[in-house]
Amino acid sequence: MAPSQSRSVTRLQTSEPQMDRLSFWRQEARALLMLGTPMALTQIIQFSVNTVDVLMIARLGPSALAAAALGQVMYTTAFLFCLGPVMAISPMVSQALGANEQDFDGVRRSVRMGLWAIAILCPAVFVFFVATPFIANTLGQPTELGRAATPYVIALAPGWAAFMGVFVLRNFLAAIGQTRFPLYVIFAATVLNAALNYLLIFGAFGVPSLGILGAGIASSIANCFALIALSLFCYSNARARPFDLFADLGKPDWVKFKEVIRLGIPISITTAFEGLLFNGAVFLMGLIGIIEVAAVQVALNFGALIFMISLGFSMGGAVRVGLHAGAGDGIAARRASVLTILICVILVTPISIFSLFAPSLIAKAYLFLEPGERASSEMLLMTASFIRMVGIFMIFDAVQAAANQTLRGLKDVRAPMFITAMAYWGIGFSVAWSFGPAGVMGAEGVWLGLILALVASAAGLSIRLAWRTHKLIADQASYRHL
């Protein structure tokens, strides 16, 4: 098969060192900004959905809010453990297109098997959701809380499957440079979710009040809307149409499916390591005090919101790295990875500085939305001190996110899994426990563990990325000399 035009151009650039190398950096930075900015905005908007849900459900009272919080934990757990096969689609598609822009069949089969992976996981996830009362009781939660959360979680189940499908299509569209429409769709779905929340939670226009069950139904409808909209776009868009994504949807391709699973399992484990570390931090704070738990939840919610900037942008960086790797251009892959890290750091640095020097302003903005004792002076002071801690680790979080995502663009997922396991649990949780509730530092010890975890993760993943791109360049040089 003849090499594509993009591959030929990339190799021409690599073989002409006398050309203005600075222009290559400018071109790559421009491509990254055009690709990564809509993806970062999309991540931020998606993250805001949970915040809107919590604020609206909170009006029903503490019991409803607690049940919804348990339901969100169940939903997020299923999302984290099943995210890997979805994220595997990005490097598979981008490397295929980097090698050959006309590989419509290979890309279609990769996307199809990603959707298959979700369909296969759905029954297990549904059983997990139905088991909410048993899981809640096992974890020592009140029996009535598990029972109240179950209808909400089951109502979320169809939306969970649709949400994962949206992720697959978003990754495909990012690989072909179509990131604006997904941004518009996610924004529309978020507005729809808020409107349906008001309608179904509280009852209006003749619709009965369904409480938190209504919130679950609203989320599922909004996610299904997003999936349908993106599917229609993939069918009608001039750039996406040649791939004919939904042709032979019921036809298996076990080679591609095996690759989805091979890449997806380490990604899921890596994601779970990180998510469970921060959930573990909330648990450790619970051993110290009630106010500490409330304050750390606010601070970590703020940190997660800012993390969406780095995550979304670095997902775009992973696409660029994958395209270059597929074209066999190690120099361009290294350039894209370096720029991804630099831009992520540049984006979060002003927020980090603001968090360090004006944390009380951020704390007041969050606590203004919270009722009752959450806004007490003691709560405000502790939340501000915790937000300052978030400001310390924010840059390291950006570096590890960018390095991790760009490594995925190289289809390097096993080594990062072991690096993050050691960083988050070998170092992070061990320090958080030893110096936190089991030590003399208290809450500060827990934050010390989180900060060291992200520092170790950022360092380890960056070293791995430098080695992998160096090896790719060396292999490329060896190939040219054959």
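## Brief notes about helix α10 (residues 254-286)
If you check α10, its first and last C-alpha atoms are 46 Å apart, about what 33 residues at 1.5 Å a residue would give, namely 48 Å. In α10, a bend of some 25° at G264 exceeds every other bend along the element, and P266, a proline, comes one to four places later.

## So, the pattern of salt bridges
For the structure on display, the rule yields eight salt bridges. The partner of E28 in a salt bridge is R320, with the nearest N and O atoms 2.8 Å apart. A residue pair is termed long-range when its members are at least 10 positions apart, and E28 in helix α2 (residues 21-57) and R320 in helix α11 (residues 290-326) qualify at 292 residues. For E28, a relative accessible area of 3% puts it in the buried group. Taking relative accessible area as the criterion, R320 reaches 19% and is therefore assigned buried. The shortest N-O distance in the salt bridge between D105 and R108 comes to 2.9 Å. Of this pair, D105 and R108 both sit in helix α5 (residues 104-130), three residues apart, roughly one helical turn. For D105, a relative accessible area of 39% gives the class partly exposed. One connected set of salt bridges, linked through shared partners, spans D105, R108, R109 and D253.

## Regarding the confidence of the model for the chain
Looking at the chain, the pLDDT average stands at 85 and 91% of residues meet or exceed 70. Low pLDDT, under 50, characterises residues 1-16; the predicted model gives this stretch 22 contacts beyond four residues in sequence or across chains. Note on residues 371-375: pLDDT is under 50 here. Beyond four places in sequence and across chains, it has six contacts.

## Some thoughts on the side chain of K256
Structurally, the position occupied by K256 is in helix α10. Buried charge K256 goes without a salt bridge, the closest partner of opposite sign being E259 at 4.3 Å. Discounting residues that sit within four places of it in the chain, K256 has contacts with M92, G106, R109, S110 and M113.

## Observations concerning the packing of helix α7 (residues 143-175) against helix α9 (residues 212-236)
One way to put it is that α7 packs onto α9 with a least axis distance of 8 Å and a crossing angle of 20°. Relative to α9, the element α7 is oriented roughly parallel. With respect to the hand of their crossing, α7 and α9 are arranged in left-handed fashion. For the contact of α7 with α9, a count of residues per class yields 23 nonpolar, seven polar and one charged.

## Structural notes on the packing of aromatic side chains
The full count for this structure, using the stated rule, is 14 aromatic pairs. With a centroid separation of 4.2 Å and 10° between ring planes, the pair formed by F181 and F233 is classed as stacked. In this pair, F181 is assigned in helix α8 (residues 180-202) and F233 in helix α9, connecting sequence segments 52 residues apart. Judged by relative accessible area, which is 30%, F181 ranks as partly exposed. Positioned above the aromatic ring of F167, the side-chain terminus of R170 is 5.1 Å from the ring centre. The residue whose ring lies beneath R335 is W25, and the NZ or CZ to ring-centre distance is 5.9 Å.

## Focus on a nonpolar patch on the surface
Taken together, the side chains of L22, W25, V338, L342 and I346 make up a nonpolar region of the molecular surface, amounting to roughly 460 Å² of accessible area. Listing elements by their share of the nonpolar patch, those giving two or more residues are α2 and α12 (330-357). Considering each element in turn, the nonpolar patch owes the most residues, three residues, to α12. The residue L342 is located in helix α12 in this model.

Conventions used here
Residues numbered from 1 in each chain as written. Predicted model: local features only at pLDDT ≥ 70, side-chain atom pairs only at ≥ 80, totals over all residues. Heavy atoms only, no water. Helix = DSSP H or I, 4+ residues; strand = E, 2+ residues; numbered from the N terminus. Expected span 1.5 Å × (residues − 1). Bend = angle between axes of the 7 residues up to and from the residue. Salt bridge = Lys/Arg side-chain N within 4 Å of Asp/Glu carboxyl O. Buried < 20%, exposed > 50% of the residue type's maximum accessible area, 1.4 Å probe, protein only. pLDDT = per-residue confidence, 0-100. Contact = heavy atoms within 4.5 Å. Lys, Arg positive; Asp, Glu negative; His and termini not counted. Axes fitted to C-alpha atoms, helices over the stretch in contact; angles between N-to-C directions. Parallel < 35°, antiparallel > 145°, perpendicular 65-115°, else oblique. Left-handed = near helix turned anticlockwise from the far one by under 90°. Nonpolar A, V, L, I, M, F, W, Y, C, P; charged D, E, K, R; others polar. Phe/Tyr/Trp six-rings, centres within 6.5 Å; stacked < 30°, edge-to-face > 60°. Lys NZ or Arg CZ within 6 Å of the ring centre and 35° of its normal. Patch = residues over 30% accessible without salt bridge, like charges linked within 9 Å, V, L, I, M, F, W, Y side chains within 5 Å. Areas by Shrake-Rupley, 256 points an atom, 1.4 Å probe, with all protein chains shown as cover.

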